[in-house]
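What follows is each chain in one-letter form.
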Amino acid sequence: GVGEARYKELICNNLDPLFDCFIGLSPAGRLFAAAARLGAITKRAIKQNPTLWSLVNTARRLRSRL
């Protein structure tokens, strides 16, 4: 599975790089793939920007209080 854990090193020494792949085969699929790709790019940008990530966490805390 995805993620790092010590027990996984006991079972297997290989590391497999992970990546997202969005391939649309039909016109609707291409539209969905483009939206999914944009979502992944946006998510990565937010997680890599400390200010945006802080805003997201603040919004989550406020939402959980409602």
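Everything below is about the structure printed above this text.
Structure report, in brief.

Basis of the calculations
- Residues numbered from 1 in each chain as written.
- Predicted model: local features only at pLDDT ≥ 70, side-chain atom pairs only at ≥ 80, totals over all residues.
- Heavy atoms only, no water.
- Helix = DSSP H or I, 4+ residues; strand = E, 2+ residues; numbered from the N terminus.
- Contact = heavy atoms within 4.5 Å.
- Expected span 1.5 Å × (residues − 1).
- Polar contact = N/O pair within 3.5 Å; in protein donor to acceptor, adjacent residues only side chain to side chain.
- Patch = residues over 30% accessible without salt bridge, like charges linked within 9 Å, V, L, I, M, F, W, Y side chains within 5 Å.
- Areas by Shrake-Rupley, 256 points an atom, 1.4 Å probe, with all protein chains shown as cover.
- Salt bridge = Lys/Arg side-chain N within 4 Å of Asp/Glu carboxyl O.
- Lys, Arg positive; Asp, Glu negative; His and termini not counted.
- Charge placed at Lys NZ, Arg CZ, Asp CG, Glu CD.

## Quick word on the environment of alanine 40
Looking at where alanine 40 falls in the secondary structure, it is placed in helix H2 (residues 27-48). Between the C-alpha atoms of alanine 40 and aspartate 20, which are 20 residues apart in sequence, the distance is 8.4 Å. In contact with alanine 40, other than residues within four places in its own chain, are Asp20 and Phe22.

## Some thoughts on helix H3 (residues 50-65)
Helical geometry: 3.6 residues make up each α-helical turn, so side chains three or four residues apart lie on a common side. When the terminal C-alpha atoms of H3 are compared, their 23 Å separation across 16 residues agrees well with the 22 Å that a helix rising 1.5 Å per residue should span. Of the residues that open H3, the one with a side-chain oxygen 3.0 Å from the backbone nitrogen of threonine 51 is asparagine 49.

## Regarding the environment of leucine 31
Position of leucine 31 among the secondary structure elements: in helix H2. The sequence separation of leucine 31 and arginine 65 amounts to 34 residues, and the corresponding C-alpha distance is 36 Å.

## Side note on a positive patch on the surface
The grouping of Lys43, Lys47, Arg60 and Arg63 at the surface amounts to a positive patch. Tracing the backbone shows arginine 63 in helix H3.

## Some remarks on a nonpolar patch on the surface
On the surface, Tyr7, Leu10 and Ile11 cluster together to form a nonpolar patch covering roughly 430 Å² of accessible area. Among the secondary structure elements, leucine 10 is positioned in helix H1 (residues 6-11).

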